[in-house]
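Results of the structural survey
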Amino acid sequence: MTEYNHLEVEKKWQEKWSESKIFESKEDSKKEKYYCLEMLPYPSGDLHMGHVRNYSIGDVYARFHRMKGKNVLYTVGWDAFGLPAENAAIKNKIHPAKWIKQNIACMRKQLKALGFSYDWNREITTCDPKYYKWTQWFFIKMWEKGLVFRKNANVNWCPVCQTVLANEQVSNSVCWRCDSHIEHKVLEQWFIKITDYADELLEGHKHLGEWSQQVLSMQKNWIGKSYGVEIDFKIPGSDKNLKIFTTRPDTIFGVTFMVVAPEHEIINELKSKIKNYKQVSQYIIASGRKSNIERVSNKKKTGIKIEGINALNLATKKEIPIFTADYVLTEYGTGAIMAVPAHDQRDWEFAKKFDIPVIEVIKGNNFDVSKHAYEDEGILVNSGEFSGIKSVDAFDVVSNWIEKQGFGKKTVIFKLKDWLVSRQRYWGAPIPMIYCDRCGIVPVSEKELPVLLPEDVEFTEAGKFHLKTNKTFINVKCPKCCKAAIRETDTIDTFVDSSWYYLRYCDSHNDNAPFVSVKADYWMPVDQYIGGIEHACMHLIYARFWFKVMRDLGFIKYDEPFTNLLTQGMVTIGGSAMSKSRGNIVNPDEILIKYGADTTRLFILFAAPIQKQFDWSFDGVEGCWRLINRVWCLFDVVNTKSIAVASHKDKNDILRAMHKTVKKVTFDIEKECQFNTAISSIMELVNELYLYKYHANDDGVSLEVYKTLILLLAPITPHLCEEIWEKLGNNEYISFHTWPVFDENMVKDSSIEIPIQINGKLKGKITISADASEIEVNKAVNSDEKISNYLKDKQIVKFTYVKNKIVTIVVK
């Protein structure tokens, strides 16, 4: 054949796939379905190699399962709303809609150039009114179900993005998008009651397929289920109680003070009784300038005693002081704690600073609580009728007593908070709610959906878009009383858009519903989901929650949206993450021009296990380019008749290698998600074919092996394999040819013993498989202790393996 021209071949097959629409999928009850999906991409403008790795993994799964005879749904769309698009639009002085449209066009072209087998007919964009109409519709349905509500809350505020953030969107006290330090504000906001599903989100882990334990642990810790007791401490001289949650009710007799978060409502409610309210207010203001991380990690404890009010410990019948301190947060528990300094080191340090009594209530062996808090198990002391009980047995006993006394109850709490979904920015789906002086908060009528995002918006003084500047949008009539009303001007968090998109793919052209149940029930759940582990506590929790709500609303019948999850590793260069700001980006377009899509895909899947980070290597790309050309040139090799005639044993050996490769590649893709080892096995079969000396004079055996090799490579390098498949005389697309099946009898190992000759002298024997490759034999020689010791300080000049007969080595 002529020299391999990757540009010509890839263009040819991409056009053929597009024209024939062979990857478009339809429901077929007679076929087993397979739904493969990568996490919804944000259209940033250009693909980077992390994208290429992510989508190459998905494409291999999709192509592999098509060849396994399954009805595959594999498509893509765009997570197009949100802060990044709006900020970029402001920076570039362009409307977000136009900026996004340009980016999508660019990235769509790149994805097609890489040969990904998407069903483009199902493509969706979250900023399309045809999509966000249903996002708004779901919002109203959740409002009707009581899952959407509005309240005043202490929220995370990003001063740069000028919007609130959900807890999941704050990492180490900085904004997940711009890395600015967040502030805390009390604002009235929209929430979704994800906490109603907290327990089920945890229990659902038991019913998932292949999910990494790291992701499950991250979700478990984020949801944070705790068993304990809620206890009321009365505040004498008022009708107020200070409610706390504790997992250690056995220490209640050692409580010597209380601490409330600076944001706790009790301070404002009882400010008329607080003698030092001015000083307390100043402390609250100072605390508000700190991030949560700074508040809890600061070793130097700060706080102030609230003069004029105390709490009554009903276990000891003693009044104890109340402090406010910034190491207590409102995000967990009740925003107040009972402090037991003898058995909590943080409380101990606080007590020592403010000269508060330390009362030992759990006795440890020879331990002095005046020097350090004792936090292990022991025997209860100074605990009334419970003294003498082992602390490990005291939880239920003391909890039952507290409940009987009427000042507490056993309960379960979660660290997970309700999902804050309103954003004070323009580029998002408008929240479909209306404020009426007569009727209160009223949802938009369903027949009026979508509430269109107006494009004729103006910049505010701060240089931001905002719906409040558009009077036509704001002023509406109440759907109930038809009087003048005001439309909500906040928009919906973009994580809402991406919480249900996988369902829209099932029925993406439906104008009358988000999807019909019969189609969703056919395709769902997603069989293989692929994306970064950084989404463990945001998108993956939100999407699981949303799916369960859809089930409870009667739209679907399943409990979980994603059966199997694969989290791929990062692509780095020189050990650093690729970044435009660092100037270390590898442009996929340049690689595609020089080496082609197949080489790019091959390298990015071969370089490392797909779950691991790997460093970009141009030498590695060159190596994969050489392999592509070796496979191409094999066409002439296997079709050129050799002089020698293959014996039965010769044919059997190459066939045995083929069947072993089929077994290994199938297992590595289907069961192990190890594409790098699958490719390594294919490389060995390529070597075997080049070493084989009986081409076209072996009753078609080498041609059979070559065809099988091409089939195994087809999901990885589809353009090359389609071209070779056609040249081999096939009229059908290789993309839909049946995946090869191995013969179990041909993969059984039959061991043989062969001599090792070094410089003409017998030095030992090794046991190998009869169909071992030269690479495997070399490894076996180096693994033999006696021979490897002999070769230790010698240079190997020549290594020769005569199949199943002898190994000869020349050294100096």
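This section reports on the structure supplied with the text. Keep in mind the model is a prediction, meaning the values are calculated, not measured.

The rules behind each value
Per-chain numbering applies: the sequence of each chain, read as written, is numbered from 1 onward. For a predicted model such as this one, the threshold for reporting local features is a pLDDT of at least 70, and the threshold for listing and counting side-chain atom pairs is 80 or more; totals across whole chains, interfaces and linings nevertheless cover every residue. Side-chain descriptors were evaluated using all non-hydrogen atoms of the structure, hydrogens and water having been removed beforehand. Classification of ring pairs rests on two measures: the distance between centres of Phe, Tyr or Trp rings, Trp counted by its six-membered ring, which must be within 6.5 Å, and the angle between planes, read as stacked under 30 degrees, edge-to-face over 60 and tilted in between. Helix and strand definitions here come from DSSP, where helices need a minimum of 4 consecutive H or I residues and strands a minimum of 2 consecutive E residues; each element is numbered from the N-terminal end. Each residue is placed in one exposure class: buried if its accessible area under a 1.4 Å probe, protein chains only, is under 20% of its type's maximum, exposed if it is over 50%, and partly exposed if it falls in between. Both a distance and an angle decide whether a charge sits over a ring: NZ of Lys or CZ of Arg must be within 6 Å of the ring centre and within 35 degrees of the ring normal. Note on definitions: a residue-residue contact is assigned when non-hydrogen atoms from the two residues lie within 4.5 Å. Within 3.5 Å is the distance limit for a polar contact, defined as a pair of N or O atoms, with the added protein rule that one can donate a hydrogen and the other accept it, and that residues adjacent in sequence qualify only through two side-chain atoms. Strands pair, by our definition, only if DSSP identifies at least two bridges between them. Only the stretch in contact is used when a helix axis is fitted, and all axes are lines through C-alpha atoms; the angle between N-to-C directions ranges over 0 to 180 degrees.

The subject of this paragraph is the packing of aromatic side chains. Tallied over the full model, the rule gives 52 aromatic pairs. Ring centres of phenylalanine 149 and phenylalanine 191 lie 5.6 Å apart, and the angle between their planes is 15°; this geometry places the pair in the stacked category. Of this pair, phenylalanine 149 sits in strand β5 (residues 148-158) while phenylalanine 191 sits in strand β9 (residues 183-192), placing them 42 residues apart in sequence. The same class applies to phenylalanine 149 and to phenylalanine 191, which are both buried. Above the face of the phenylalanine 191 ring, lysine 151 is positioned so that its terminal group lies 5.1 Å from the ring centre. The positively charged end of arginine 487 is found above the aromatic ring belonging to phenylalanine 473, 5.0 Å away from the centroid.

Here the focus is helix α19 (residues 597-606). With 9 of 10 residues buried, α19 is to be regarded as a mostly interior element. Buried within α19 we find Ala597, Asp598, Thr599, Thr600, Arg601, Leu602, Phe603, Ile604 and Leu605.

Take helix α11 (residues 345-354) next. All of the buried residues in α11 are Gln345, Asp347, Trp348, Phe350 and Ala351. Next to the buried residues of α11 lie β12 (257-260), β14 (318-324) and β15 (336-339). One side-chain oxygen of the residue at the start of α11 lies 3.0 Å from the amide nitrogen of arginine 346, identifying that residue as aspartate 344. Positive backbone phi, at 55°, marks aspartate 355, one or two positions downstream of α11.

Before going further, it helps to examine the sheet that holds strand β34 (residues 806-811). If you walk across this open sheet you meet the 4 strands as β32-β31-β34-β33, and the pairing is mixed. For this open sheet the edge positions go to β32 (761-769) and β33 (796-802), each flanked by a neighbour on one side alone. The sheet shows a mean angle of 20° between the axes of neighbouring strands, direction not considered. Pairing geometry for strand β31 (residues 751-758) and β34, over 3 bridges, is parallel. Pairing of glutamine 757 across the sheet is with threonine 808, part of β34. Helix-sheet contacts for helix α25 (residues 774-783) involve β31, β32, β33 and β34, and the interaxial angle to β33 is about 120°.

With that out of the way, let us pick up the environment of lysine 803. In this fold, lysine 803 is placed in the loop between β33 and β34. Along the backbone, lysine 803 and aspartate 653 are 150 residues apart, and their C-alpha atoms lie at a distance of 9.2 Å.

Coordinates in, geometry out; function isn't part of it.
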